[in-house]
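Residue-level listing of the chains:
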Amino acid sequence: MSTYKRPDLVCPAGSLRSLQLAIDAGADAVYMGLKDATNARNFAGLNFDLKQSRQGVQYARDRGRQVLMALNTYAQSAAPQKWFEAVDVAADIGVSALILCDPAVMAYARRRHPDLRLHLSVQASATNYEAIEFYRERYGIQRAVLPRVLTLSQVAHVIRHTQVEIEVFGFGSLCVMVEGRCALSSYATGQAPNTAGVCSPPSAVRWDNVGADVDARLGGILIDRFTPDEPRGYPTLCKGRFEVDGEVDYALEEPTSLNTLSILPELLKAGVSAIKIEGRQRSAAYVEQVTRTWRQAIDACMAQPERYVVQPAWTTSLGRLAEGQQHTLGAYSRPWQ
């Protein structure tokens, strides 16, 4: 039997259906957001209105699980009231914690709702224990989500030097930018992801038929061209294909998914408090399948960490859901260092 602390499995919910399926598939907690700019996944057709939020919280609570609300964009100084009101809504419906990045919103939450648990969002870009301890001392942060730029040894170093619980990403999309500091989308669309709520605002996305092909444009910039037999994902500038020295290919980042199943024992040994699955913009079927696979993996690792091996069925299941059908350990593994 493992002596490691059992980490929470934290799964995405872009809809009430996704939330329910994640809970049923074994998530310890789900994270969701409102249908407005307080939410960094502010896509049309996704997220929760007040009624759905209440239903989701009740569904999770009835099954002994948690709902975390992401208020993970930065409030506009000229009109911060929307963010403050969202904090009040979260407290009223009984979420287990708020995921925040804006210090002003943290201060408001701590002042008005001192019993409400606060988590530091990955959008705050806190990559060292000194920054995390600052948020703990100043705003009472109890958990921090680390950006996906740290090696495994760096994650362990942070955990050893802070009283704050540490949550890390285990599976899902990657980004070439440090979370909270993206400049590419701002350049192309004139809207910052941390204020507009999305990397590629729908108003800036255009699909054009060019013969049998389809062009994807962001802010008028051609960022990809798809042939009829190619799958077309939601267009983001960093994952576009561009002509460089006469060759058309992924110039910045090739689509691939972070997958840390192979280092799960090391994450548990390091003392992570939660493992996060990325993908609030993904389908309910994606959420269910990824949650079920990770539930099995964590349970197996907790039962016998010294005998833990990644099962072929897990790899096959996640492989079908990975971006570009590829997996990587991302920054967790940097053997050249």
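Given the structure is predicted, the values throughout are model-derived calculations rather than measurements.

Rules used in this analysis
- Residues numbered from 1 in each chain as written.
- Predicted model: local features only at pLDDT ≥ 70, side-chain atom pairs only at ≥ 80, totals over all residues.
- Heavy atoms only, no water.
- Phe/Tyr/Trp six-rings, centres within 6.5 Å; stacked < 30°, edge-to-face > 60°.
- Buried < 20%, exposed > 50% of the residue type's maximum accessible area, 1.4 Å probe, protein only.
- Axes fitted to C-alpha atoms, helices over the stretch in contact; angles between N-to-C directions.
- Helix = DSSP H or I, 4+ residues; strand = E, 2+ residues; numbered from the N terminus.
- Parallel < 35°, antiparallel > 145°, perpendicular 65-115°, else oblique.
- Left-handed = near helix turned anticlockwise from the far one by under 90°.
- Contact = heavy atoms within 4.5 Å.
- Nonpolar A, V, L, I, M, F, W, Y, C, P; charged D, E, K, R; others polar.
- Pairing = 2+ DSSP bridges.

1. Re the packing of aromatic side chains
Given two aromatic rings, their pairing is described by the distance between the two centres and the angle made by the two planes. The full count for this structure, using the stated rule, is seven aromatic pairs. The interplanar angle of 80 degrees and the centroid separation of 6.2 Å between the aromatic rings of phenylalanine 134 and tyrosine 139 together place this pair among those described as edge-to-face. Accessibility expressed as a relative area gives 39% for phenylalanine 134, which makes it partly exposed. Its relative accessible area of 11% is what places tyrosine 139 among the buried residues. Arranged with centres 6.3 Å apart and planes meeting at 40 degrees, the rings of tryptophan 207 and phenylalanine 226 form a pair that is tilted.

2. What about the packing of helix H1 (residues 16-25) against helix H10 (residues 284-303)?
Put simply, H1 and H10 touch, their axes get as near as 8 Å, and they point 20 degrees apart. Of the possible angle classes, the one that applies to H1 and H10 is roughly parallel. Seen along the crossing, H1 lies across H10 with a hand that is right-handed. Only Ala284, Val287, Glu288, Thr291, Arg292 and Arg295 of H10 make contact with H1, whose side of the interface consists of Arg17, Ser18, Leu21, Ala22 and Ala25. Residue composition of the contact of H1 with H10, by class: five nonpolar, two polar and four charged.

3. Considerations on the side chain of serine 18
Locating serine 18 in the fold gives a position in helix H1. Given the relative accessible area of 1%, serine 18 is considered buried. Not counting residues within four places of it along the chain, the set of residues in contact with serine 18 comprises Pro12, Ala13, Ser283, Ala284 and Val287.

4. Considering the pairing of strand S14 (residues 274-277)
Burial of the side chains of S14 extends over both faces: Ala274 and Lys276 are buried on one face and Ile275 and Ile277 on the other. As judged from the three bridges shared by strand S1 (residues 8-12) and S14, these two strands associate in the parallel manner. In the sheet register, leucine 9 faces S14, and the bridge partner there is isoleucine 275.

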